[in-house]
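If you want the building blocks of each chain, they are given just below.
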Amino acid sequence: MLSESIEFRCKSGYCCLSGNWQVNVHNSGLPMPGEEQEDIVMTSTQNILLNNTCPLSGKPVIELSEPVRSMDCKHIYEKSVIMQYIRSKHGQPKCPMAACPKIIKADRVVCDPLLHIEIEESRAMNQRASKPNIIEDFTGDSENEGSE
């Protein structure tokens with residue numbers, strides 16, 4: 001009796017069927033030849049800050065001298081202005097951001113470690129966006145060269 005072997009390619013490599021299943025994985029964890037994957041780098045042009053201006057002072061967040069963030073609603077404020085707001089509202093002051101239902105508590109308004117990094121990234125994005133994209137048209141130059 002001849003033992004037949006059927007070889008086929010499966011998702012994890014080359015497999016061989018010979019009476020019993022036998023799986024031979026080609027370089028386990030690596031793509032098969034011809035299946036190499038390119039790295040895809042995704043970038044975002046979206047602002048990472050929840051609010052762009054302090055709802056109380058009206059200053060842009062990237063210009064605040066002492067930015068703080070509410071740990072409950074994640075909105076960003078100028079520290080002195082939000083603390084004065086909390087003191088002036090006896091009881092449970094709501095977040096001054098329109099339509100935000102969260103209660104603001106002085107001990108939950110902090111300058112978290114990522115806030116300065118996010119603000120710097122936002123500043124850098126604003127600087128890149130403010131630089132004009134100059135596109136020069138050289139199509140007319142090649143026509144002029146031939147006529148001279």
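Residues numbered from 1 in each chain as written. Predicted model: local features only at pLDDT ≥ 70, side-chain atom pairs only at ≥ 80, totals over all residues. Heavy atoms only, no water.

Enquirer: How should helix α1 (residues 79-88) be read in this particular structure?
Expert: Helical geometry note: an α-helix holds 3.6 residues per turn, so side chains three or four residues apart project in the same direction. Turning to α1, its buried residues number three or more, namely I82, M83, Y85 and I86. Buried residues along α1 cover an arc of 155 degrees about the axis, so they all sit on one side. Along α1, exposed side chains directed more than 90 degrees from the buried face belong to Q84 and R87. As for α1, its buried residues are in contact with β4 (67-70), β5 (76-78) and β6 (109-110). (Buried < 20%, exposed > 50% of the residue type's maximum accessible area, 1.4 Å probe, protein only. Helix = DSSP H or I, 4+ residues; strand = E, 2+ residues; numbered from the N terminus. Arc of directions from axis to C-beta. Contact = heavy atoms within 4.5 Å.)

Enquirer: I would appreciate a short explanation of the sheet that holds β5 in the present structure.
Expert: The strand order β5-β4-β6 describes an open sheet built from 3 strands, whose pairing is antiparallel. Each having just a single partner strand, β5 and β6 make up the two edges of the open sheet. Across 3 bridges, β4 lies against β5 in antiparallel orientation. Bridged to P67 within β5 is E78. Strands in contact with α1 are β4, β5 and β6; relative to β5, the strand with the most contacts, it is inclined by about 90 degrees. Against the sheet, helix α2 (residues 113-130) makes contact with β4 and β5, and its axis sits at roughly 120 degrees relative to β4, the strand it touches most. (Pairing = 2+ DSSP bridges. Axes fitted to C-alpha atoms, helices over the stretch in contact; angles between N-to-C directions.)

Enquirer: What's the story with the nonpolar core in this structure? I'm lost.
Expert: Counting 18 residues, the largest nonpolar core has Y77, I82, I104 and V109 as its most contacted members. Of all elements in the fold, only β5, α1 and α2 reach the threshold of two or more residues within this core. Top element by residues in this core is α1. It accounts for 4 residues. When near neighbours in sequence (up to four residues on either side) are disregarded, V109 contacts V68, R69, S70, I82, M83, I86 and I104. (Core = buried A, V, L, I, M, F, W, Y, C linked by side-chain atoms within 4.5 Å.)

By themselves, these are just geometric observations and shouldn't be taken as functional.
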